[in-house]
Amino acid sequence: QYERFAKLAKLPLAVAPTILTVHKVLFEDNYVEGTLMTGTTDGYVRTTNFNFARGRFFTALESSGGRNVAVLGSEIAAHLFAKADPLAQEVKIDGVPFRVVGVLEKQGSNMLGNFNPDNQVYIPIGTVFKYFRRDRDTVTIVVRARSTELTEATKEEAIGMMRRVRGLLYDEKDDFSVNTQEGLTTEYNKVVGVIKLVGLFITGLSLLVGAIGIMNIMFVSVKERTREIGIRKAIGAKKRTIMAQFLTEAATICLVGGLVGLVLAIGLSMVINKFLPTSVQTNTVVLAIVISLLTGVLSGLAPAWTAAKMDPVEALRYE
């Protein structure tokens, strides 16, 4: 059915069959249990955005001939080979030897329900049927549209071609399902939207609580340094000088807190990146620092003004 579909479909940029199976992968004394295998053809790489750290994907000749070749995800390669070069090495999948022809760069998983390529091994689909499976009813066809604008047209063509391949009459229901990246992306965006709203609420609440805390700290500081303020004003310090001093202190406290938060956020991002793709962008870091400074300045305004308008005579009498 896949061969007929591939010949009939005209709109896709690339088409490839896939089948999943789970096996143990072994290299010398290192092994990974329950590794997900994706059996496919050489055309699969054109349906993805894979980049290779080493080597390549298997060729059309290796694919059609059902050769014992394998492409390893980054995590699998790191676990099996540590610092050694995996290329041309022989790994065993449930005892069957396979030559490593490529290693993927770290791809990362996502929230769209896709499997993480980093923890997969890719082998020719013919090899899967030769050694591991006989059931051909579970083959999935991966289709990549030429552009975003052609996604819907490609989907409609795929449905029509599959109905034709399966010999379905016009009044018969589809006996297959079609999942599009856009549909998954829509669900993903909904989840991300909720997370963003919750994140903004928590961030706003944290800023408010932090600002109140800094304001209280600065009021206490002003109270404890009343005589110092009185002396400075008595020898000629102006209001703007006193204000600048306390605003600078408040902004510094906030900036230090913001930097600590940034370090923790970057560390947490590195941990989460093992499971979900994350990034810390430069403009986000700059924005966080600016917001920290503004929060410090705003929370320090009232204490700074209180210090600046003190009567030096009354301040000097303060015990």
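Just so we're clear, the structure is a prediction, and the values are computed from it rather than from any experiment. (Residues numbered from 1 in each chain as written. Predicted model: local features only at pLDDT ≥ 70, side-chain atom pairs only at ≥ 80, totals over all residues. Heavy atoms only, no water.)

Enquirer: Got a minute to help me understand the overall build of the protein chain in this structure?
Expert: What the protein chain contains, in helices and strands, is ten helices and eight strands. Taking as baseline every contact in the protein chain between residues at least 6 positions apart, the subset at least 24 positions apart corresponds to 71%. Accessible surface, the protein chain as shown: approximately 19,000 Å² in total, 60% of it carbon and sulfur. (Helix = DSSP H or I, 4+ residues; strand = E, 2+ residues; numbered from the N terminus. Contact = heavy atoms within 4.5 Å. Areas by Shrake-Rupley, 256 points an atom, 1.4 Å probe, with all protein chains shown as cover.)

Enquirer: Where do I start with the pattern of salt bridges in this structure?
Expert: Pairing between side chains of opposite charge can happen when their charged atoms approach one another. Counted by the stated rule, this structure contains eight salt bridges. Here Arg225 makes a salt bridge to Glu228, at a shortest N to O gap of 3.4 Å. Note on Glu228: relative accessible area 35%, which makes it partly exposed. Notably, a salt bridge pairs Arg225 with Glu249, separated by 2.9 Å at the nearest N-O pair. Pair noted here: Arg225 is in the loop between helix H6 (181-224) and helix H7 (226-234) and Glu249 is in helix H8 (residues 239-272), with a separation of 24 residues, a long-range link. A single salt-bridge network, built from bridges that share partners, covers Arg56, Glu62 and Arg99. (Salt bridge = Lys/Arg side-chain N within 4 Å of Asp/Glu carboxyl O. Buried < 20%, exposed > 50% of the residue type's maximum accessible area, 1.4 Å probe, protein only.)

Enquirer: How should I be thinking about the environment of Asn179 in this particular structure?
Expert: Mapping Asn179 onto the fold places it in the loop between helix H5 (151-166) and H6. Overall, the relative accessible area of 68% leaves Asn179 in the exposed class. Taking C-alpha positions, Asn179 is 9.7 Å from Val142, a pair spaced 37 residues apart along the chain.

Enquirer: Teacher, can you tell me more about the nonpolar core here?
Expert: For soluble globular proteins, the rule of thumb is that nonpolar side chains tend to be buried together. Counting 23 residues, the largest nonpolar core has Leu72, Leu80, Val91, Ile93, Phe98, Val121 and Ile123 as its most contacted members. Secondary-structure elements contributing two or more residues to this core are strand S1 (14-27), strand S2 (30-40), strand S4 (69-72), helix H3 (74-81), strand S5 (90-93), strand S6 (96-104), strand S7 (120-124) and helix H4 (125-131). Contacts of Leu72, omitting those with residues within four sequence positions, involve Ala77, Phe81, Val100, Gly102, Val103, Leu104, Gln120 and Val121. (Core = buried A, V, L, I, M, F, W, Y, C linked by side-chain atoms within 4.5 Å.)

Enquirer: Please clarify how the packing of aromatic side chains should be interpreted in this entry.
Expert: Each aromatic ring pair is characterised by the separation of its centres together with the angle its planes make. The tally for this structure, following the rule as stated, stands at eleven aromatic pairs. Aromatic side chains Tyr131 and Phe132 sit 6.1 Å apart centroid to centroid with 50° between the ring planes, which places their arrangement in the tilted category. Sitting over the ring of Tyr31, Lys24 keeps its end group 4.5 Å from the ring centre. (Phe/Tyr/Trp six-rings, centres within 6.5 Å; stacked < 30°, edge-to-face > 60°. Lys NZ or Arg CZ within 6 Å of the ring centre and 35° of its normal.)

Enquirer: Looking at this model, I keep getting lost on the pairing of S1. Mind explaining?
Expert: When you tally the buried positions in S1, you get ten out of 14 residues, the bulk of the element. Direction of pairing for S1 relative to strand S8 (residues 140-144): antiparallel, over a ladder of five bridges. Bridged to Ala14 within S8 is Arg144. Bridge count between S1 and S2: nine bridges; the pairing is antiparallel. Residue pairing for S2: His23 is matched across the bridge by Thr35. (Pairing = 2+ DSSP bridges.)

Enquirer: Explain H7 to me, please; I cannot follow it from the model alone.
Expert: Since the α-helix packs 3.6 residues into each turn, any two residues three or four apart lie on the same face. Those residues of H7 that sit buried are Thr226, Ile229, Gly230 and Lys233. Each buried residue of H7 sits inside an arc of 100° when the element is viewed along its axis, so together they form one side. (Arc of directions from axis to C-beta.)

Enquirer: Explain H5 to me, please; I cannot follow it from the model alone.
Expert: A rise of 1.5 Å per residue sets the reference length of H5, with its 16 residues, at 22 Å; its end C-alpha atoms lie 22 Å apart and thus fit the reference within 8%. Those residues of H5 that sit buried are Thr151, Thr154, Glu157, Ala158, Ile159, Met161, Met162, Arg163 and Val165. In the stretch just after H5, Gly167 is the one whose phi turns positive, near 70°. (Expected span 1.5 Å × (residues − 1).)

Enquirer: Which parts of the structure should I look at to understand the packing of H7 against H8?
Expert: Any two packed helices are characterised by how steeply their axes cross, that is the angle between the axes, and by the distance between the axes. Between H7 and H8, the shortest axis-to-axis distance is 10 Å and the interhelical angle comes to 145°. Relative to H8, H7 is oriented so that their crossing is right-handed. Contacts between H7 and H8 involve Glu228, Ile229, Arg232 and Lys233 from the former and Lys239, Thr241, Ile242, Gln245 and Phe246 from the latter. Taken together, the residues that form the contact of H7 with H8 break down as three nonpolar, two polar and four charged. (Axes fitted to C-alpha atoms, helices over the stretch in contact; angles between N-to-C directions. Left-handed = near helix turned anticlockwise from the far one by under 90°. Nonpolar A, V, L, I, M, F, W, Y, C, P; charged D, E, K, R; others polar.)

The analysis is restricted to geometry; functional conclusions fall outside its scope.
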